[in-house]
Amino acid sequence: MNKLLSICIPSYNMESFLSRCVDSLLIPSLDRLEILIVNDGSKDRTLELAKGYEVAHPGSVVVIDKPNGHYGSTVNAALQVAKGKYFRILDADDWFDSEALEAFLAELETCEADCAFTNFVVHDMNKQQVHSIREERIPYGSLLHLRQFSLPDVGFNMHQLTYRLSFLKAIHYVQTEGVCYTDTEYILYPLSQAETFEAFDLSLYQYFLGREEQSMSLSSLKKNISHRWPIVNRMLADRSYLSGNLLAIRLRSSMLQSLIGSIYEMYICYGNYDKDYDQRLREFLRDLARREPETHVKMLRLNRHEVIYYVRFWLWLGRLSFPLCHFLFRLREGSRWNS
């Protein structure tokens, strides 16, 4: 039987979470799924657990074992072997709602959109809260032609997006390897080039938030600050898909501001002064002003990143302002990470 959905599960040292993730996929319609567990050079029992599922569910679970190459390399490895009608990513410490997955597969039987949209739920272990993230502004159940219908200004998330595999191959989609945070690319490049879009009112993805080792924890964000540079540089270098595409222009602008803002936030507000890195950041802003003045202007205006106030202060006063910016931001925003 042909596979409806290929699910890529990037896995690095996930022995404590992999079973919860894969078990959520063992639904009655398992024969319509292709579960691609990509072991990214784990040092724990992740590969052993994955092989166990492959033996127990031949034809539905496939294990890809590769040297560590970070997140983008796992997605690229899965794309090379995927055979499903549609393709999506599921992080190994997250899971799917099994009933929603059954319903989603039923929809994919007849769906032909380049991009299929679903909602997600956040399980915040720090606050002991569960938040359902449902987008109210997108019409559900209708095939939308993106050159005729303007999607609302939604902050799209990797957890919401599934793509038709033949579409991904047609646009030669690949992710940057050797770095984290390539989920930005998974949103920007395919969605910007998609012709058709269909939303389904299903809370499919279950996002587990608060694990100290995960890439979005404060410690990981600080440690991996340099991982965002290759993604930003790729976005600045490649403008081929932007011509006349208002959705692409809007998505790119929003994501550039978000990525660049986070780089400065992690350095000025949570890092330590580093002369060489400091100079690199300053040169980058000057280069940005030259190459893309409109993006530079937006960076220095009031936007979602309150850190921009401190960036302007830092640029004006120089090195002496670094400890003051660091103190002010921690004083004002520290509760955001500790709450």
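Below is a short write-up of the structure. These numbers were taken from a predicted model, which means no experiment stands behind them.

About the cut-offs
Residues numbered from 1 in each chain as written. Predicted model: local features only at pLDDT ≥ 70, side-chain atom pairs only at ≥ 80, totals over all residues. Heavy atoms only, no water. Buried < 20%, exposed > 50% of the residue type's maximum accessible area, 1.4 Å probe, protein only. Helix = DSSP H or I, 4+ residues; strand = E, 2+ residues; numbered from the N terminus. Arc of directions from axis to C-beta. Axes fitted to C-alpha atoms, helices over the stretch in contact; angles between N-to-C directions. Parallel < 35°, antiparallel > 145°, perpendicular 65-115°, else oblique. Left-handed = near helix turned anticlockwise from the far one by under 90°. Contact = heavy atoms within 4.5 Å. Nonpolar A, V, L, I, M, F, W, Y, C, P; charged D, E, K, R; others polar.

Residues of helix H8 (residues 228–237) that are buried: Arg228, Trp229, Ile231, Val232, Met235 and Leu236. Projection of H8 onto a plane perpendicular to its axis shows the buried side chains occupying an angular sector of 165 degrees, all on one side.

Attention shifts here to the packing of helix H9 (residues 246–270) against helix H10 (residues 275–291). At a minimum axis separation of 12 Å, H9 and H10 run at an interaxial angle of 155 degrees. Judged on the interaxial angle alone, H10 and H9 are roughly antiparallel. At the point where H9 passes H10, the crossing takes the left-handed sense. Contacts between H9 and H10 involve Ile260, Ile263, Tyr264 and Tyr267 from the former and Tyr277, Asp278, Leu281, Phe284, Leu285 and Leu288 from the latter. Here the contact of H9 with H10 is composed, by residue class, of nine nonpolar, no polar and one charged.

For arginine 250, the location among the structural elements is in helix H9. What makes arginine 250 partly exposed here is its relative accessible area of 26%. Separated by 97 residues in sequence, arginine 250 and aspartate 153 have C-alpha atoms that sit 8.1 Å apart. Leaving out residues up to four positions away in the same chain, arginine 250 has contacts with Ser150, Leu151, Pro152 and Asp153.

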